[in-house]
Protein chains: 2
Amino acid sequence: MRDAEPASKAKRARHGVSTRDRLIAVALKLFTERGPDRVTTAQIADAAGINEGNLYYYFKTKQALVLVIFDRFEAEVDRLLESPRRDSADPAAYATFLREWFEIVWSYRFLYRDFMSLLATAPELRRRIRAISARLRAPVKTLMGHMRAAGLIAISDEELDALLANVWIVSTYWVVYLDVQEGVRALKKAHLEWGIKQVSSLFTPYLTPLAREWLDAQAATT
Amino acid sequence: MRDAEPASKAKRARHGVSTRDRLIAVALKLFTERGPDRVTTAQIADAAGINEGNLYYYFKTKQALVLVIFDRFEAEVDRLLESPRRDSADPAAYATFLREWFEIVWSYRFLYRDFMSLLATAPELRRRIRAISARLRAPVKTLMGHMRAAGLIAISDEELDALLANVWIVSTYWVVYLDVQEGVRALKKAHLEWGIKQVSSLFTPYLTPLAREWLDAQAATT
């Protein structure tokens, strides 16, 4: 175990950070391929080309790796929320937001697919998921408000509340649904497109003729 | 342990079946209140007024009780699927189907709320959930077809497929959503109404003026 610890802070600065990042990248890759339940720390160390003792220097448990990956997921959601151009009535603003959000979902898709076992083993994630959900909802509600003011969607306040809740349900659980109810375990890019389409389809019936014209014009130019 | 076994088949016929049923009812009640993870077989035996050895005569494990309750849930879904009057274009047929289905969900709500930990401990349920999901989808699709033919809903085939998938996602995961993302652990009847409203709201934007007139007339008479 002695040589698992880098000899000095300087050495750690040179080598430690990149080993840590490599371990996180390898863990994310293996978790995505097989799910955290079917990956051992020994396999992660092996795939990263280090010995297991060295892995334990960085991460005491597999759970610690899951939580660090969740930190990164959360940081990406934060960056999405901080990006500007939310203050728009352009339907493209919503489409862009949705796609950027699903790009994050794609990178961290194991969190969605293995949502059930993750929450069972790390109940502390509930609080953080709740916070992310609440913070993501606000900009979408703002966007919808702008679109409604611009005559692009026709929706009552009550319908909007029901719609927003359904958006969160479909956004979060479409991967579990595909897994449990459709038998899709290995997500492909086509499934990501399917997820985007499922969420989009919640909005489309509320689009006004004006918005549909705009969308048709967009489709014609691409 | 000796006296845990009913002395004869005749005695079992008189007392055994009812003890078994009582254990199932007590387990369902405690699972609903606290979730299977927080209920022990000792507590179930105690609440049923029998000793634990006697409980083991009927159910070897807590898991066995969960599976028997799942059998009953499945049987109720089967009865719903076998009931007639699905062959209708009347929007009331859909509303009735939805309500009957949610009455079943209400009785077995712990299965929905604790879906995540149940699947983690009983992965064999995946196959059965998949089968139930597939069988429930068919009558809803048929109902939608009748309503569309009668000019009550205006929806394309592609929109209908997307709608049906969203119906299953929202129907199955609204309870988990309320728990994980809204912090609702103890479901009240008002939450059941909320769930029905969330699923209904997926359909309402597709209703034609004819259907809306019908619904308004219905609302006026109640």
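Let me sum up the structure you'll find in this document. (Residues numbered from 1 in each chain as written. Chains lettered and ligands numbered in written order. Predicted model: local features only at pLDDT ≥ 70, side-chain atom pairs only at ≥ 80, totals over all residues. Heavy atoms only, no water.)

### Thoughts on the environment of Asp179(A)
Residues and elements named next belong to chain A.
So, point 1. Among the secondary structure elements, Asp 179 is positioned in helix α9 (residues 157–182).
So, point 2. Owing to a relative accessible area of 3%, Asp 179 belongs among the buried residues under this scheme.
So, point 3. When the C-alpha atoms of Asp 179 and Arg 113 are compared, they prove to be 7.1 Å apart, with 66 residues separating the residues in sequence. (Helix = DSSP H or I, 4+ residues; strand = E, 2+ residues; numbered from the N terminus. Buried < 20%, exposed > 50% of the residue type's maximum accessible area, 1.4 Å probe, protein only.)

### Digging into the pattern of salt bridges
So, point 1. Summed over the entire model, instances satisfying the criterion amount to 28 salt bridges over all chains.
So, point 2. For the salt bridge of Glu33(B) with Lys29(B), the shortest nitrogen-to-oxygen distance reads 3.0 Å. Of the two residues, Glu33(B) and Lys29(B) both sit in helix α1 (residues 9–34), 4 residues apart, roughly one turn of that helix.
So, point 3. Among the charged side chains, a salt-bridge network with shared partners connects Arg113(A), Asp114(A), Asp179(A), Arg185(A) and Arg126(B). (Salt bridge = Lys/Arg side-chain N within 4 Å of Asp/Glu carboxyl O.)

### Brief notes about the packing of helix α4 (residues 62–82) of chain A against helix α8 (residues 125–149) of chain A
What describes two packed helices is the angle between their axes and the distance between those same axes.
All names here are of chain A.
So, point 1. Close contact between α4 and α8 brings their axes to 11 Å; oriented N to C, the two are set at 15°. As far as their axial angle goes, α8 and α4 are roughly parallel. The way α4 lies across α8 gives a crossing that is left-handed. Residues Leu 67, Phe 70, Asp 71, Phe 73, Glu 74, Val 77, Asp 78, Leu 80 and Leu 81 of α4 lie in contact with α8, whose contacting residues are Leu 125, Arg 128, Ile 129, Ile 132, Arg 135, Leu 136 and Pro 139.
So, point 2. Its residues placed into classes, the contact of α4 with α8 shows 11 nonpolar, no polar and 5 charged. (Axes fitted to C-alpha atoms, helices over the stretch in contact; angles between N-to-C directions. Parallel < 35°, antiparallel > 145°, perpendicular 65-115°, else oblique. Left-handed = near helix turned anticlockwise from the far one by under 90°. Contact = heavy atoms within 4.5 Å. Nonpolar A, V, L, I, M, F, W, Y, C, P; charged D, E, K, R; others polar.)

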